[in-house]
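Structure assessment
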Amino acid sequence: MTSQRTRERLVQRLVEQGIRDTSVLDVMRITPRHLFLDEAMAHRAYEDVALPIGFQQTLSQPYVVARMTELLLAAGPRSRVLEIGTGSGYQTTILAQLVAEVYSVERIKTLQQKARQRLRQLKLRNVHMNHADGGMGWQERGPYDGILVTAAPERIPEDLLLQLALGGRLVIPVGKELQHLQVVTRTHEGYETEIVEAVFFVPLRPGKEK
Ligand code: SAH
């Protein structure tokens, strides 16, 4: 279940689905996804599906994690990345192995605490966490050359656009029932938007909870 071979099969499937960035594939090959699930779900960790993590939230599907990470890095390396929706901390862990510093915001305290423990266990020291409504970004630590959002707003929050550095990229699912992954790049002229593919994420919700 947790073996290297099982993970290798998952990576093979990601390649078949069109993931090309070898640095992303390498990191997904070595990251133990089962550690991000409760025991009852851990046996399904290497299936390419989203899985429940409590509080009506899900650990994103591996293909989607790989795709979003690949899109974030597609225009060159990123050094300061803001993630909205820490959840289990799996996407955070993938990012932390590929960029210099990760700033991750989660609105549900219990999920954040569990994610923090997992990151400590994996000895990742370049992740900074904030319990807040990530729809407002994390202004104090910005600007960011990358922002990755793992819950879907109906429209892109203005604050996230403002916290993007020049040349920075925002990867975000947008929409209600029908959602699309979008990549927004900040340029000298303003913002350029690319619509990538249909996705399904839990909604970005306002406020914060215990
Ligand atoms: N990347 C996570 C996905 C978790 S699901 C993983 O791989 O496990 C989306 C997460 O976004 C949930 O944990 C949810 O609580 C969080 N979320 C939703 N709205 C938010 C907001 N406004 N600010 C911060 N986190 C939010």
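What counts, and where the lines are drawn
Residues numbered from 1 in each chain as written. Predicted model: local features only at pLDDT ≥ 70, side-chain atom pairs only at ≥ 80, totals over all residues. Heavy atoms only, no water. Helix = DSSP H or I, 4+ residues; strand = E, 2+ residues; numbered from the N terminus. Rg over C-alpha atoms; globule rule 2.2 N^0.38 Å. Buried < 20%, exposed > 50% of the residue type's maximum accessible area, 1.4 Å probe, protein only. Contact = heavy atoms within 4.5 Å. Areas by Shrake-Rupley, 256 points an atom, 1.4 Å probe, with all protein chains shown as cover. Pairing = 2+ DSSP bridges. Right-handed = clockwise from strand over helix to strand, strands pointing away. Arc of directions from axis to C-beta.

Observations regarding the overall build of the protein chain
- Scanning the protein chain from N- to C-terminus turns up seven helices and nine strands.
- What you see for the protein chain is a C-alpha radius of gyration of 16 Å, in line with the 17 Å of a compact globule of 210 residues.
- Principal-axis analysis of the C-alpha atoms places the extent of the protein chain at approximately 50 × 40 × 35 Å.
- In the protein chain, which comprises 210 residues, the share counted as buried stands at 53%.
- Counting only contacts in the protein chain whose residues sit at least 6 apart along the sequence, the fraction spanning at least 24 positions is 55%.
- Of the roughly 10,100 Å² of accessible surface on the protein chain, a fraction of 50% belongs to carbon and sulfur atoms.

Considerations on the pairing of strand E3 (residues 80-84)
- Within E3, four of the five residues are buried, which leaves it mostly tucked inside the rest of the structure.
- Two elements, E3 and strand E4 (residues 101-106), share five bridges in a ladder whose sense is parallel. Across the sheet, the residue bridging to Ile84 is Val105, located in E4.
- A crossover connection joins E3 to the parallel E4 through helix H5 (residues 90-96); in handedness this β-α-β unit is right-handed.

What about helix H2 (residues 22-30)?
- Along H2, the positions that sit buried rather than exposed are Val24, Leu25, Val27 and Met28. The buried residues of H2 occupy one face: seen down the axis, they fall within an arc of 165°. For H2, the exposed residues lying more than 90 degrees away from the buried face are Thr22 and Ile30.
- Residues of H2 that are buried in the fold lie against helix H1 (4-16), helix H4 (62-73) and H5.

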